[in-house]
Amino acid sequence: MVYNSAAELCEGFGYPPVHVKLTIEIIDKRLGPVKAEAEVAIKPVKAKGYLEVLVEELESEHIFADENGSIYGSFGIDQSIQIYDEVLTTIPFEEIMGNENWKETVEESITADKLKEQLGKSLNDYQFSDLSGKYKFRKRCKITEIQFID
């Protein structure tokens, strides 16, 4: 189907969510690889004139690391990574409207390499809480493996 207008695109657009399994390396000697699953959706935003590629849900397995006792030590972690409704990228309507190959345009934005890069940015912006819940901090993260689930 070819979409000829923004209204037509917003009313008729349908692209199934993409489900992926991730292996995340958190740069912290106390932690090994962390497994996570994510659902990525593509949704039209009529008011802004683009499709959003967004993480509807990313949730990791539970992560635990004790505090390191020195004043230069690391905060403890006792939580899962949870990211919801975060926009990874956008696709302008102009790239979709009138384009018979619009699915290719959408699929170019959800390749393994693109998702690795975009989800990696979201993970690096994620704020962990210390064991007391008083302090927030970030950890450098790297996605070492991404696998699409049917």
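Calculation rules
Residues numbered from 1 in each chain as written. Predicted model: local features only at pLDDT ≥ 70, side-chain atom pairs only at ≥ 80, totals over all residues. Heavy atoms only, no water. Core = buried A, V, L, I, M, F, W, Y, C linked by side-chain atoms within 4.5 Å. Buried < 20%, exposed > 50% of the residue type's maximum accessible area, 1.4 Å probe, protein only. Helix = DSSP H or I, 4+ residues; strand = E, 2+ residues; numbered from the N terminus. Contact = heavy atoms within 4.5 Å. Phe/Tyr/Trp six-rings, centres within 6.5 Å; stacked < 30°, edge-to-face > 60°. Salt bridge = Lys/Arg side-chain N within 4 Å of Asp/Glu carboxyl O. Pairing = 2+ DSSP bridges. Axes fitted to C-alpha atoms, helices over the stretch in contact; angles between N-to-C directions. Patch = residues over 30% accessible without salt bridge, like charges linked within 9 Å, V, L, I, M, F, W, Y side chains within 5 Å. Areas by Shrake-Rupley, 256 points an atom, 1.4 Å probe, with all protein chains shown as cover. Lys, Arg positive; Asp, Glu negative; His and termini not counted. Charge placed at Lys NZ, Arg CZ, Asp CG, Glu CD.

## Observations concerning the nonpolar core
Reasoning step 1: Among the nonpolar cores identified, the biggest contains 40 residues, and L58, I81 and L119 are the most heavily contacted of them.
Reasoning step 2: Of all the secondary structure elements, the ones that give two or more residues to this core are strand 1 (18-26), strand 2 (34-45), strand 3 (50-60), strand 4 (63-65), strand 6 (82-92), helix 2 (102-108), helix 3 (112-125) and strand 9 (141-149).
Reasoning step 3: For L119, the contacting residues outside a window of four places in its chain are V20, L22, V55, L58, L88, I143 and I146.

## Things to note about the packing of aromatic side chains
Reasoning step 1: Inspection of every chain in the model, using the stated rule, returns seven aromatic pairs.
Reasoning step 2: Between F75 and Y135, the ring centres sit 5.4 Å apart and the planes meet at 20°, which makes this aromatic pair stacked. Linking F75 in the loop between strand 4 and strand 5 (77-79) with Y135 in the loop between strand 7 (128-129) and strand 8 (136-137), this pair joins segments that are 60 residues apart in sequence.
Reasoning step 3: With relative accessibility at 33%, the residue F75 sits in the partly exposed group.
Reasoning step 4: Judged by its relative accessible area of 41%, Y135 falls in the partly exposed class.

## Side note on the side chain of S80
Reasoning step 1: One can find S80 in the loop between strand 5 and strand 6.
Reasoning step 2: Residue contacts for S80: discarding those within four places in its chain leaves S60, E61, H62 and Y126.

## Side note on the pattern of salt bridges
Reasoning step 1: Here the structure, examined in full by the defined rule, presents four salt bridges.
Reasoning step 2: The partner of K43 in a salt bridge is E56, with the nearest N and O atoms 2.5 Å apart. Of this pair, K43 sits in strand 2 while E56 sits in strand 3, and the two are 13 residues apart along the sequence.
Reasoning step 3: Residue classification places K43 among the partly exposed positions, given a relative accessible area of 37%.
Reasoning step 4: With a shortest N-O distance of 3.7 Å, K121 and E117 are connected by a salt bridge. You can see K121 and its partner E117 sitting in helix 3, four residues apart, about one turn around the helix.
Reasoning step 5: Accessibility expressed as a relative area gives 53% for K121, which makes it exposed.
Reasoning step 6: The exposure class of E117 is partly exposed, given its relative accessible area of 48%.

## Focus on the sheet that holds strand 9
Hydrogen bonding along the main chain pairs the strands of a sheet, whether they run parallel or antiparallel.
Reasoning step 1: The antiparallel open sheet is built from five strands, whose spatial order is 6-3-2-1-9. Bordering the open sheet on either side are strand 6 and strand 9, each of which pairs with just one other strand. Pairs of neighbouring strands in the sheet enclose a mean axial angle of 30°, with direction left out of account.
Reasoning step 2: Of the pairings in the sheet, the one linking strand 2 to strand 3 comprises 10 bridges and is antiparallel in character. Residue V40 lies in a different strand from strand 3, and its bridge partner there is V55.
Reasoning step 3: Along the sheet face, helix 3 touches strand 1, strand 2, strand 3, strand 6 and strand 9 and points at about 135° away from the line of strand 9.

## Some remarks on a negative patch on the surface
Reasoning step 1: A cluster of like negative charges, contributed by E94, E95, E104, E107 and E108, occupies part of the molecular surface.
Reasoning step 2: Relative to the assigned elements, E108 resides in helix 2.

## Regarding the environment of T23
Reasoning step 1: You can see T23 is positioned in strand 1.
Reasoning step 2: Relative accessible area serves as the criterion here: at 8%, T23 is assigned to the buried category.
Reasoning step 3: Considering only alpha carbons, one finds T23 and I146, 123 residues apart in sequence, at a separation of 6.6 Å.
Reasoning step 4: When near neighbours in sequence (up to four residues on either side) are disregarded, T23 contacts P33, V34, K35, K142, I143, T144 and E145.

The analysis is restricted to geometry; functional conclusions fall outside its scope.
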